[in-house]
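Residue-level structural notes
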Amino acid sequence: MKIVIVGGVAGGMSAATRLRRLNETAEIIILEKGPYVSFANCGLPYYVAGEIEERSSLLVQTPEALQARFELDVRPYSEAVSIDASLKEVIVRTAEEEYTLSYDKLILSPGAKAFIPPAKGLEEAKNIFTLRSVPDVDAITDFMELYQPKKAVVIGAGFIGLEMAESLVHRGLDVTIIEKAPHVLPPLDEEMAAYITKELKANGVKLYTGLAAESFEEEGKVVVLENGERLESDMTLMSVGVKPETTLALTAGIETGVRGGIMVNEYYETSQKDIYAVGDAIVVKQQINGEDTMIALASPANRQGRQVADVISGLPRKNKGSIGTAIVRVFNQVAASTGLNERQLKMANEKFEIVHIQGKSHAGYYPNAGTILLKVLFNPENGKIYGAQAIGEDGVDKRIDIIATAIKAGMTIHDLPELEFTYAPPFGSAKDPVNMAGYAALNLIEGVSESIQWHELESKQKEGYLLLDVRNEGELEKNGRLKGALNIPLDQLRERLSEVPKDKPIIVSCHSGLRSYIAERILKQNEYKAKNLDGAFALYSTVRPEKVEK
Ligand code: FAD
């Protein structure tokens, strides 16, 4: 059997090596248009920062090593330019020649390309970069060596944009980020992303959100925003998202779907016989709601590469879909998410509830416990977990990985309190934030507690709700007060209950949500109508700092 693979990185090389492990006699040829295969694309921003010191660390494998260990015929600088599906042939172009390669099975893993929106002045600009490959990172680092830029503009505040913003700050540049969406990290919801905004600003990054870069002037040295503002830029990174690389697939008339991605069935078969596709270029099922989507992440690409090799080798394997689990470090904060966010659930008209839990990365009394803000979205009727997001300095990966695993395993919100984790003070808490999220969700489902979200506070106050803040006076002095709030510290609430008017519904807040929940329970059992401000002051003051009176 002769198997040709297009794309020699995550999906393509996973497929190639698995195929060899399953089939010692197949001829396996890998076509890669770039100079390198199996390179660490996820490591590129850290190389710019200098955290990965050696360029050679990015080159995980060489064609020679892959030939020696797996007997793979790896062909760098070889672009597959067209496919004749009826003849089962690929036309390959190198610097020297164009030749025809026949195949029995063809696997496409061509990845995605940086999306570059058309803009006036783009062609003339000499300092605009994208980041997908080692040549891209070489272009960036060579430019930095040669021109010693002082000011950088990063267009797009997604994962790569933020990683690069941090890397450029580490290299001593003055960085400005422009994001068209209303907030940074569009996969996260607004209040969670607000923590990353705060962190970026604390590290000197300037930020424009809800604004697009419209054009470039003076050969790219000036970036003009859609409001007419002009930003000086010695170098600009364009990271506004990716598009599936489907140029080749289209030459074979392969069917495409949502956002132009390659359509495959659950066996990774495209609409053309004996042509398979995996990775960033394919449309996948969002496992949570079954909808077609595109998820450009390394873990699905690697899994799919292995699975397509299994399928071709006759093993019982199916693509079950992806949920999209991602993480990014932004200076001292980490943001991670899995599944669907609030915006996506609203658009899909799903019924959902939210809990925000502020917990600790490990026992609070043991040194260096960091705060984790965990948000979980779930269906209050059947308990289905739709998604989760977390922010913090430490332990964010663990919590999101647990919830991602729970979602994949089909667990519900009812299962979260049941999960048992390793615990000793340096490692966790006897009640982990994931357990706590489950407890809080059950309280909502069973009517023990009711909550409102941060964005509902003002309208509720206008409706006549009284905001009761149960923090201590010292905290109010230090961190600020919520507008229009009555302040009674939790520990005095029982004896000062007469100060709380009975004729008004109450919203209770504290710092992080635990004391307000206790206060809510006291009030409820004294015939008050009370709801908890989910996430409390800590969250509200981060997403709406202007509403805090100092
Ligand atoms: P790729 O790994 O991109 O490989 C596709 C290859 O196909 C490319 O080398 C391309 O040159 C080649 N190719 C395309 N067309 C042809 C053709 N016609 N002929 C020959 N060769 C062709 N994901 C994460 O989960 N976590 C991260 O931290 C993370 N960080 C990232 C940071 C950066 C800077 C980048 C660029 C990506 C990052 N990703 C991350 C995404 C992750 O790298 C991709 O999801 C994954 O590599 C996709 O695998 P793939 O095989 O589909 O495509």
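Our structure is the block above this text.
Before going into details, it helps to say that this report is about the structure given with it. (Residues numbered from 1 in each chain as written. Predicted model: local features only at pLDDT ≥ 70, side-chain atom pairs only at ≥ 80, totals over all residues. Heavy atoms only, no water.)

**Here we look at the side chain of Ser14**
Looking at the element boundaries, Ser14 is found in helix 1 (residues 10-22). On the accessibility criterion, Ser14 (13% relative accessible area) is buried. The contacts of Ser14, once residues within four sequence positions are left out, are Val9, Asn302, Gly305 and Arg306. (Helix = DSSP H or I, 4+ residues; strand = E, 2+ residues; numbered from the N terminus. Buried < 20%, exposed > 50% of the residue type's maximum accessible area, 1.4 Å probe, protein only. Contact = heavy atoms within 4.5 Å.)

**Focus: the sheet that holds strand 5 (residues 89-93)**
Taken together, the three strands give an open sheet; going across it, the order is 4-5-6, and neighbouring strands pair in antiparallel fashion. Strand pairing shows two members of the sheet lacking a second neighbour, strand 4 (79-84) and strand 6 (98-102), which therefore form its edges. Put simply, the sheet's adjacent strands are angled 25° from each other on average, direction ignored. (Pairing = 2+ DSSP bridges. Axes fitted to C-alpha atoms, helices over the stretch in contact; angles between N-to-C directions.)

**Some thoughts on the nonpolar core**
In terms of nonpolar packing, the biggest core is built from 56 residues, with Ile140, Leu168, Val175, Ile177, Ile196, Leu200 and Met235 touching the most fellow members. Among the elements that line this core, the one with the most residues is helix 6 (residues 190-202), at six residues. The contacts of Leu200, once residues within four sequence positions are left out, are Leu162, Ile177, Val184, Val205, Leu207, Val330 and Phe331. Val6, Val74, Tyr99 and Tyr268 belong to the second largest nonpolar core, which has 48 residues in total. (Core = buried A, V, L, I, M, F, W, Y, C linked by side-chain atoms within 4.5 Å.)

**A word on the site of the ligand**
In the vicinity of the ligand there are 28 residues, among which Gly11, Glu32, Ser109, Asp280 and Ala298 approach most closely. Within the backbone of Ala80, a nitrogen or oxygen atom sits 2.9 Å from a nitrogen atom of the ligand. The separation between an oxygen atom of the ligand and a polar side-chain atom of Ser109 is 2.7 Å. Every element with two or more residues in the shell around the ligand is listed here: helix 1, strand 4 and helix 8 (298-312). With three residues, helix 1 is the single largest residue contributor to the shell around the ligand. Residue composition of the shell around the ligand, by class: 14 nonpolar, eight polar and six charged. (Near = heavy atom within 4 Å. Polar contact = N/O pair within 3.5 Å; in protein donor to acceptor, adjacent residues only side chain to side chain. Nonpolar A, V, L, I, M, F, W, Y, C, P; charged D, E, K, R; others polar.)

**Some points on the packing of aromatic side chains**
Using the criterion set out here, one finds two aromatic pairs in the structure. Judged by centre distance (5.1 Å) and plane angle (70°), the rings of Phe129 and Phe143 are edge-to-face. Of the two residues, Phe129 is situated in strand 9 (residues 128-129) and Phe143 in helix 4 (residues 134-147); the sequence distance between them amounts to 14 residues. For the pair Phe129 and Phe143, a shared accessibility class is recorded, and that class is buried. Judged by centre distance (4.8 Å) and plane angle (45°), the ring pair of Phe143 and Tyr147 falls under tilted. Here Phe143 pairs with Tyr147, and both are found in helix 4, just four residues apart, close to one helical turn. In this structure Tyr147 comes out as exposed when scored by relative accessible area, which is 54%. (Phe/Tyr/Trp six-rings, centres within 6.5 Å; stacked < 30°, edge-to-face > 60°.)

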